[in-house]
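Structural overview
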Amino acid sequence: MTQSARPRSQMRYEEVPEERKRGCDTVSKGLFVTGALVWWLCAVLFLVAVTIKLQAAGKKTNVIIITIDTVRADHLGCYGYGLVQTPNINALARSSARFSHAFTSVPLTLPAHASLFTGSFPMATGVHDFATNTLPSTAVTLAKVLGENGYATAAFLGSPVLDARYGLNQGFETYFDHFDFNPLDEAKADVVKRPGDMVIDEALGWLKRGPRQPFFLWVHLYDAHYPYKPPEPYASRYKTRPYDGEIAFVDAQVGRLVSFLKEKEIFPNSLVILASDHGESLGDHGEQKHGFFIYDSTLHVPLTVKVPGATPRVVGEDVSLVDVMPTILQTLHIPIPPSVQGSSLLSRIMGGPNPSSSNVYSETFLPLLHFSWSQLRALRWKGLKYIEAPRPELYDTVADPHESKNLLAERPAVGQLMRDRLASVLRRYTSESGGAVGGKEFTDPALLDRLHALGYVTTPAGTVADATGKQLPDPKDRLQVYELFWEAMADGQQGRYEESLRKLREAQKIEPDSLPLMLLAALDHFQMRDFPRAIQLFNRTLELKPKFAQPHYYLGVMYAQTSNNEAAMEHFKKALELEPTNFSAAFGLGSTYLRLKRVDEAESAFEEAIKLHPEYAEAYAALGEIYLYQKRVDDAVQALERAVAIAPQMKQAHYRLGQAYEAKGLHSQALEELDRANLLSPMAPKDVPNQ
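First things first, this report covers the structure right here in the doc. (Residues numbered from 1 in each chain as written. Predicted model: local features only at pLDDT ≥ 70, side-chain atom pairs only at ≥ 80, totals over all residues. Heavy atoms only, no water.)

1. A look at helix α24 (residues 617-629)
- For α24, built from 13 residues, the straight-helix expectation of 18 Å at 1.5 Å per residue is met to within 8% by its first-to-last C-alpha distance of 19 Å.
- Along α24, the residues classified as buried are A617, E618, A619, Y620, A621, A622, L623, G624, I626 and Y627.
- Where α24 is buried, its residues meet α22 (583-595), α23 (599-612), α25 (633-646) and α26 (651-663).
- Looking one or two residues past α24, K631 carries a phi angle of roughly 60°, positive in sign. (Helix = DSSP H or I, 4+ residues; strand = E, 2+ residues; numbered from the N terminus. Expected span 1.5 Å × (residues − 1). Buried < 20%, exposed > 50% of the residue type's maximum accessible area, 1.4 Å probe, protein only. Contact = heavy atoms within 4.5 Å.)

As structure tokens, this is what we get:
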């Protein structure tokens, strides 16, 4: 279903309630000020009244944020879609301010949530991408601010792309990620899901344990993300529309949470926000999923905000997810940190005067960072939308909500105006230290470092070119390659390696030296245990991109498998040098040292793996074995107990723990562990994937 035409609902003077109208007229006549200043003064007076009203409520307000991943606004009933049943989200929207034109800053999960929880655009957060970005420890997050103001904080997540190591855990006392995946499977991380009912179970468990008041709870539901495999009865009800089936399942989980909040009388005094991080293209403009283009099918998101005491309404102005954090803080009477770039929506939620039209910025760097094609940046303003690309685009989103007609050739002056406004926004919101001399490069420092390390050059205009200065391809010209890549990846994830390789060969006819195509082909051969061909392809990727950690890691694994320990050791070391957070490389290095009987170095490598990943059961088990060998029985017991606590199905850890208990004289406990070990199947070691 496509998006409906967009009514503009700027509040006219005759629509303002009579008592506010009289107050504004008095100010105007008494001070002889301009109309714009009258509205500003009225807005200030109005928010003062709102503040008094909210403070009168007495108890501190709880904050609950529900993010429903990958849900298009126009696939919910409250946004006019009739083909899926979303009664719970619809009911929540009816009790809230529903923003009909809310947009994400990036159509990717990690950077979108980084913007949501810092109130800042990606050029300030430094998070433009997934899996290879980390939110800096200096970031001022909503959880940090609320924690400093006495809130209990907890988050329960449905996807490993929001794993704590990416930095969004900052400020949360409880952060239920607990995903067990390693860099080998990082390309698959975006399709790994924790079912929404499990996420809600964990969140309800936390609520039932009675967190101190007030609390901030974030629940993330990932079910609508590809692949679409809704559980029953939704799979049968939406057999031909599994994406909608996933949304219906998500709606049921939202209903479970809201019902509990109402049952415990938490709901009335809670600030409840529901939003999606991005939409799903579903074939619009040729894109099947999201992240590649920045058309509204992936940027337009649902956003509802329930403020205690506020009258439900629909707000029609363009807003951004970066506006959520300042809205929450103003509602709670907490000062908004200077790092926040969004604007509070509280006045509009309470029915107050509308501010001037805002600039809504969006971007995607996925084509650049993963495929060496141009990045895309967009700005919307007063019904216009400009997309910066090698072939720029201009749309009238009111007359043309599907963005089907590029107006740039017809309206070049308007295009130039929008281009200038975009440049102004980039200057305004980019970190001061991010530019070159004179601050002309509109890219944050971390991204500039990454681009330069990848061999790209940047220009004073903020564009990116290859090392020779040649302009990068427009993503619009590489859509076929991109779609073939994702189809091949899906085939590989399902074990259809030959079919995956066939599609990659087809894509390579268009782009023969594409690094991601070559890397994916190398991974397919690796999974097929065709090590000679995999080694050849991984080495070729390193010729194209020398500072690339992933090929070194895989080369280390393959050389370890073929008993070439010296080569394995060198590649694991290089992988760690290029990617210091790669705990699997540290574990692989430790395993290699152990095979070479370099026990002390193995111990240090396993300790490093645990330092990087404190829940790494295999590393604890390996340390336990070393301690047993060194007759450090107490240390062995401690390490092995930790291993089985994290991974109760690990046969070898139970077996070694039994040996450690026996060495300690704990005969009954030793027998129990050995019995447990005998009942379990062996687990493949983590440096030998998919065995």
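2. As for the packing of aromatic side chains
- Counted by the stated rule, this structure contains 32 aromatic pairs.
- Judged by centre distance (6.3 Å) and plane angle (75°), the ring pair of Y295 and Y395 falls under edge-to-face. Within this pair, whereas Y295 is found in the loop between β6 (270-275) and α10 (296-299), its partner Y395 is found in strand β12 (residues 393-396), the two being separated by 100 residues in sequence. Neither Y295 nor Y395 differs from the other in exposure class; each is buried.
- Relative to Y616, the ring of F587 lies with its centre 5.4 Å away and its plane at 40°, an arrangement referred to as tilted. (Phe/Tyr/Trp six-rings, centres within 6.5 Å; stacked < 30°, edge-to-face > 60°.)

3. Quick look at the nonpolar core
- Counting residues in hydrophobic clusters, the biggest one holds 92 residues, and the most contacted among them are Y482, F526, F538 and M558.
- The element that contributes the greatest number of residues to this core is helix α18 (residues 515-527), accounting for nine residues. (Core = buried A, V, L, I, M, F, W, Y, C linked by side-chain atoms within 4.5 Å.)

4. Digging into the environment of Y234
- Within the fold, Y234 resides in helix α8 (residues 234-237).
- Y234 gets classed as buried once you look at its relative accessible area, which sits at 15%.
- Taking the C-alpha atoms as reference, Y234 lies 7.3 Å from E246; in sequence the two are twelve residues apart.

5. With respect to the pattern of salt bridges
- Taken as a whole and assessed by the stated rule, the structure comprises 33 salt bridges.
- The shortest N-O distance in the salt bridge between K405 and E410 comes to 3.2 Å.
- Between K503 and E499 there is a salt bridge whose closest N-O contact spans 3.7 Å. Of this pair, K503 and E499 both sit in helix α17 (residues 497-510), four residues apart, which is roughly one turn of that helix.
- With relative accessibility at 13%, the residue K503 sits in the buried group.
- Take E499: its relative accessible area is 29%, and that puts it in the partly exposed class.
- By sharing partners, the salt bridges in this structure join E487, D491, R496, E499, R502, K503 and E506 into a single network. (Salt bridge = Lys/Arg side-chain N within 4 Å of Asp/Glu carboxyl O.)

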